[in-house]
Amino acid sequence: MVFDLSGKKDYEVKQSADKKNITISFGKTTVDKISAVHSQNKDIITIGGTGSFGASVAMTADPQKIVVTIPNCQSNLKDKINTDELQYVLDGKVDTSKGNTVEMVFRVDDLVQYSYREENQNLILEIYPTTLKNMRYDKNANVLYLDKKDKIDTGSVKFEDHYLDGYFDVTLPGDYEKLYGYGTYDVKGTVVENIEVSTKGGSTTFRFKQNCISAYEVTDEGDSYAIRVKNPKEVYDKVLLLDAGHGGKDPGTSGNGMQEKNLTLTIAQKIEQELRGSGIKVYMTRDRDVYPENSTRAKIANDIADLMVSIHINSGPETANGTETLYQVHANDSSSRLTSKQLAEILQASMISSTGNTNRGVKLRTDLLILNRTTVPSAIVEVVFITNTGDALKISNPAYQDQVAQAIAEGIQEAARKFPLR
Ligand SMILES: [Zn+2]
């Protein structure tokens, strides 16, 4: 066994009394100096010692604190850190009660931000104010209130959804830097993590780093403007989660020189394009070669969508060919709204009438995690067999991929038209 260490460390090898276990422990980092000064509008805390820190630094809310955690570390510092010179740090303490981990906790003012770096066996933490002002985030209602000091044209607000990168931009027409400042508003809520406010080219962007996919609305509310963060289902009548099966480390099946994960992504992206302007809001589980866990995909469907359609490519003996659609019965199936079986039947019929593929029918599957975990109507379309020469030749053709995407998109629209989704 070769251990690649993060810095110069001593080590110790011990064998247990029963001779069955060997424990290797690596030399601890020692923290023995700390200084706290205020300079150039920043509070600068320098933590010194031996070894490399490998520290993690995080800000927590209510009350707002910056917590420095140094693993595999010991310290002979006193509990209380002298922060008399500092301007934004209210107090600081060292906690050595957590075994091998040393924790330093600094209570700070609201609307501050921080940065840290390791330099010459020092960990340097800098704390400085944001210039943010005239705003307030309500964590229970998930609303950012902006004091109304100037007219904002709410009809010209731009929305840019980067949900697969975890953020959403709300851009106000106008330079409001003097009014609202700039910097990062740490929210640390369940829905919103933080809000980055910046001004560029005459407009002001509020970038919401979100912990779950959300929709945004800007409203004029008398003495303030409100940017409301909502569940997509509160904003859109029909929400689809479109899943490109597999991805990243999970290639899915393969055959005839193709990999399932690439085909599912291509087809899903084409379906997404087909559904633009259809009145169905579409979110995708991925738009690139990455692997979200199937449990995550199902959770997103349940959290924000009315239905989920997952695209897969089948494999089997060389002679097996054609299309089948998979579903599972859900405990909350009801005659008053679309069921997974109905969704599967409509998608299967649309695929067969459009492509003339061998009709393998819809299949009840009780063994697939993504179908078992969803509580919204869900179906998996197994488009063709990658292992069949004829099917493989067809699916490698972009025109055929378009046809498949169109058939599935039409099926989704038909299901949403014929049956209530909620
Ligand atoms: Zn698959």
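Our structure's up above, just so we're on the same page.
Conventions adopted
- Residues numbered from 1 in each chain as written.
- Predicted model: local features only at pLDDT ≥ 70, side-chain atom pairs only at ≥ 80, totals over all residues.
- Heavy atoms only, no water.
- Helix = DSSP H or I, 4+ residues; strand = E, 2+ residues; numbered from the N terminus.
- Rg over C-alpha atoms; globule rule 2.2 N^0.38 Å.
- Buried < 20%, exposed > 50% of the residue type's maximum accessible area, 1.4 Å probe, protein only.
- Contact = heavy atoms within 4.5 Å.
- Areas by Shrake-Rupley, 256 points an atom, 1.4 Å probe, with all protein chains shown as cover.
- Lys, Arg positive; Asp, Glu negative; His and termini not counted.
- Charge placed at Lys NZ, Arg CZ, Asp CG, Glu CD.
- Pairing = 2+ DSSP bridges.
- Expected span 1.5 Å × (residues − 1).
- Axes fitted to C-alpha atoms, helices over the stretch in contact; angles between N-to-C directions.
- Patch = residues over 30% accessible without salt bridge, like charges linked within 9 Å, V, L, I, M, F, W, Y side chains within 5 Å.
- Salt bridge = Lys/Arg side-chain N within 4 Å of Asp/Glu carboxyl O.
- Polar contact = N/O pair within 3.5 Å; in protein donor to acceptor, adjacent residues only side chain to side chain.
- Core = buried A, V, L, I, M, F, W, Y, C linked by side-chain atoms within 4.5 Å.

Asks: Help me out: how do you make sense of the overall build of the protein chain in this one?
Replies: A tally of regular secondary structure across the protein chain gives eight helices and 29 strands. Computed over its C-alpha atoms, the radius of gyration of the protein chain comes to 28 Å, more than 25% above the 22 Å expected for a compact globule of 422 residues. Within the protein chain, buried positions represent 47% of all 422 residues. Intrachain contacts of the protein chain at a sequence separation of at least 6 include 66% that bridge at least 24 residues. Here the protein chain displays about 20600 Å² of accessible surface, and carbon together with sulfur accounts for 46% of that area. In the protein chain, 50 positive and 57 negative side-chain charges are present, and the distance between their average locations comes to 2 Å.

Asks: Explanation requested: the pairing of strand β2 (residues 22-26) in the structure shown.
Replies: Strand residues, when the strand is regular, have side chains that alternate between the two faces of the sheet. Across five bridges, strand β1 (residues 11-15) lies against β2 in antiparallel orientation. Counterpart to Y11 in the pairing with β2 is F26. Where β1 folds back onto β2 in an antiparallel hairpin, the turn is made up of six residues, including K19, whose phi is positive at roughly 65°.

Asks: Quick question: what am I supposed to make of helix α5 (residues 340-355) here?
Replies: Working note: α-helix, 3.6 residues per turn, so residues spaced by three or four point in the same direction. Compared with the 22 Å implied by 1.5 Å per residue over 16 residues, the 22 Å span of α5 between its first and last C-alpha is a close match. Residues of α5 that are buried include every one of S340, L343, A344, I346, L347, Q348, S350, M351, I352 and T355, and no others. Where α5 is buried, its residues meet β26 (307-314), β27 (323-327), β28 (359-364), β29 (378-385) and α8 (398-418). Phi for G356, located one or two positions after α5, is positive at around 65°.

Asks: Can you walk me through the sheet that holds strand β11 (residues 112-119) in this structure?
Replies: Backbone hydrogen bonds are what pair the strands of a sheet, in a parallel or an antiparallel way. If you trace the five strands from one edge of the open sheet to the other, you get β7-β3-β4-β12-β11, paired in mixed fashion. What marks the edges here is a single partner per strand, and that holds for β7 (73-75) and β11. When the angles between neighbouring strand axes are averaged without regard to direction, this sheet yields 30°. Bridge count for strand β3 (residues 29-39) against strand β4 (residues 42-50) is nine bridges, and the pairing is antiparallel.

Asks: Looking at this model, I keep getting lost on helix α3 (residues 260-274). Mind explaining?
Replies: With 15 residues, α3 extends 21 Å from end C-alpha to end C-alpha; this agrees with the ideal 21 Å at 1.5 Å per step. Among all positions in α3, only E260, K261, L263, T264, L265, I267, A268, K270, I271 and E272 are buried.

Asks: Help me understand a nonpolar patch on the surface in this model?
Replies: On the surface, a nonpolar cluster with roughly 820 Å² of combined accessible area is contributed by M1, F3, L5, Y11, V13, I22 and I24. For the nonpolar patch, the elements supplying multiple residues, two or more each, are β1 and β2. With respect to the secondary-structure elements, F3 resides in the segment before β1.

Asks: Help me understand the side chain of T264, please; the structure alone is not making it clear to me.
Replies: Its location among the elements puts T264 in helix α3. Given a relative accessible area of 0%, T264 falls into the buried group. From its side chain, T264 meets the backbone oxygen of G245 in a polar contact 2.8 Å long. Once you skip the residues sitting within four places of it in the chain, T264 turns out to touch A244, G245, R286, I311, H312 and I313.

Asks: I would appreciate a short explanation of the sheet that holds strand β17 (residues 183-186) in the present structure.
Replies: Strands sit in the order β15-β16-β19-β18-β17 across an open sheet of five strands; the sheet is antiparallel. Looking along the sheet, the strands with just one partner apiece sit at the ends: β15 (158-162) and β17. Looking at each pair of strands side by side, their axes are set apart by 15° on average, direction ignored. As defined by bridge partners, β15 adjoins strand β16 (residues 167-173) across five bridges and the pair is classed as antiparallel. From the neighbouring strand, D161 faces β16, where its bridge partner is F168.

Asks: For this particular structure, what's the right way to read the pairing of β11?
Replies: In this sheet, strand β12 (residues 122-129) lies alongside β11 in antiparallel orientation, the contact comprising eight bridges. Residue pairing in the sheet places S115 in a bridge with E126 of β12. The hairpin turn running from β11 into β12, its antiparallel successor, is two residues long, and N120 in that turn takes a positive phi close to 45°.

Asks: Explanation requested: the environment of K78 in the structure shown.
Replies: In this structure, K78 sits in the loop between β7 and β8 (80-81). Taking the relative accessible area as the measure of exposure, K78 reaches 69% and is therefore exposed. Sequence separation between K78 and K93 is 15 residues; the distance between their C-alpha atoms is 8.2 Å.

Asks: Help me understand the nonpolar core in this model?
Replies: General note: in soluble globular proteins, nonpolar side chains tend to be found buried as a group. The biggest cluster of nonpolar side chains holds 57 residues, and the ones touching the most others in it are I271, V309, V383 and I408. The leading source of residues in this core is α8, at nine residues. Excluding anything up to four places from it in sequence, I408 contacts I271, V309, I311, L347, M351, V381 and V383.

Asks: How do you make sense of unusual backbone geometry when you look at a structure like this?
Replies: Even without being a glycine, Q40 presents a positive backbone phi close to 50°. Following the sequence through the fold, Q40 ends up in the loop between β3 and β4. For Q40, a relative accessible area of 75% puts it in the exposed group. One non-glycine residue, N41, lies in the positive phi region at around 65°.

Asks: I keep staring at the environment of Q348 and nothing clicks. Help me out?
Replies: For Q348, the location among the structural elements is in helix α5. With a relative accessible area of 4%, Q348 lands in the buried category. Q348 sits 48 residues away from S396 along the chain, and the two C-alpha atoms are 20 Å apart.

Interpretation note: all reported values are geometric properties and have no functional meaning in isolation.
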